[in-house]
Amino acid sequence: MDKNDLKAEIRRLLNERGAVVVAIDGNSASGKTTLAEELREEFSARVFHCDDYFLQPYQRTEQRLNETGGNFDRERFRKEVAEPARLHRDAECRKYFCRTGELSAAFTVKFTSLTVIEGSYSLHPYLGEYYDIAVFVSVDPEEQSRRILQRNGPDMHRRFMREWVPMENRYFEEMCIREKCGFDISVNYRAVSYTHLTLPT
């Protein structure tokens, strides 16, 4: 099976339901955004990024950061993105800018029949009821490190590998994220293989 099977499932559900919400979770630098953009182009989908929903400075308490998956503003994400997507409505969103520590002005993202949500923590159990298709994208640790270094440079690479990647891995493992996905996409050294799994009941 390959990504064409994912697209075929999207088409099937669109024909059946009229609107579909897809969540793409997985390792940093595994290709989540690339896959989301491919779906945007093919289906004229709207795409939301979890990277726009990091915690604001006042939210970064020790208690919150010690939670599994706690460094993602899941409450604001559910209100602004997940709930409108499930209700087939426009979304009123604000992006968080890490460099300034501020939110953007509110803007409207119009409803489309396919909504794609991509990013680590997008399949947090707090949001699980909102999705029709769950996809997990993984990458070999060595290839992940290479990609992060190439994409973000040496300083950010160190922070990713020491802080963010371990936090993601803890979330994946403790919340069994990969096991809950209907599609499992594994990336190993620039080669991509796709495995279609059955969604758990």
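Sequence positions are assigned chain by chain, starting from 1 and proceeding in written order. Reporting in this predicted model follows two pLDDT cut-offs: at least 70 for local features of residues, and 80 or more for side-chain atom pairs to be given and counted; totals over whole chains, interfaces and linings ignore these cut-offs and use all residues. Water and hydrogen atoms play no part in the side-chain values, which are based on all heavy atoms of the structure.

### Observations concerning the overall build of the chain
Inclusion rule: The helix and strand labels rest on DSSP assignments: H or I over at least four residues marks a helix, E over at least two residues marks a strand, and numbering proceeds from the N terminus. Burial here depends on accessible area, computed with a 1.4 Å probe over protein chains only, as a share of the maximum for the residue type. Under 20% is buried, over 50% is exposed, and the range in between is partly exposed. Accessibility throughout is a Shrake-Rupley quantity obtained with a 1.4 Å probe, and a residue counts as covered only by protein chains that appear here.
Tallying secondary structure elements over the chain gives five helices and 10 strands in all. Taking the principal axes of the C-alpha coordinates as reference, the chain spans close to 45 × 40 × 30 Å. Of all 201 residues assigned to the chain, the portion counted as buried reaches 48%. Of the roughly 10,600 Å² that the chain leaves accessible, carbon and sulfur atoms contribute 49%.

### Some remarks on the pairing of strand 1 (residues 20-26)
Put simply, the test is: In this scheme, strands are said to pair when DSSP sees at least two bridges between them.
With seven of seven residues buried, strand 1 lies mostly within the body of the structure. Residue alternation in strand 1 divides its side chains into two sets, Val20, Val22, Ile24 and Gly26 and Val21, Ala23 and Asp25, and both sets are buried. Note: strand 1 against strand 7 (residues 114-118), five bridges, orientation parallel. Residue pairing for strand 7: Val20 is matched across the bridge by Leu114. Where strand 1 meets strand 8 (residues 133-139), five bridges bridge the pair, whose relative direction is parallel.

### As for the nonpolar core
Here is the rule: Residues enter a nonpolar core if they are buried and are Ala, Val, Leu, Ile, Met, Phe, Trp, Tyr or Cys, with the set joined through side-chain atoms within 4.5 Å. Residues are treated as being in contact if the distance between any of their heavy atoms lies within 4.5 Å.
Residues Phe77, Ile117, Leu123 and Tyr131 are the most contacted members of the largest nonpolar core, which totals 26 residues. With four residues, the single largest contributor to this core is helix 4 (residues 74-86). Among residues more than four places away in sequence, those in contact with Leu123 are Ala23, Asp25, Tyr131, Ala134, Val135, Tyr171, Ile177 and Cys181. Listed in part, the 20 residues of the second largest apolar core include Leu13, Val137, Phe183 and Ile185.

### Some remarks on the environment of Arg60
What counts here: Whenever a nitrogen or oxygen atom comes within 3.5 Å of another N or O atom, the pair is scored as a polar contact, on the condition that within protein one atom can donate a hydrogen and the other can accept it, and that pairs from neighbouring residues in sequence are kept only if both atoms are in side chains.
Looking at where Arg60 falls in the secondary structure, it is placed in the loop between strand 2 (46-49) and helix 3 (62-65). Arg60 gets classed as partly exposed once you look at its relative accessible area, which sits at 40%. For the pair formed by Arg60 and Gly70, sequence separation is 10 residues and the distance between their alpha carbons is 8.9 Å. For Arg60, the residues in contact, after removing those within four places along its chain, are Leu55, Leu65 and Tyr96. A distance of 2.9 Å separates a polar side-chain atom of Arg60 from the backbone oxygen of Leu55.

From the geometry alone we can't say anything about function, so treat these as descriptive.
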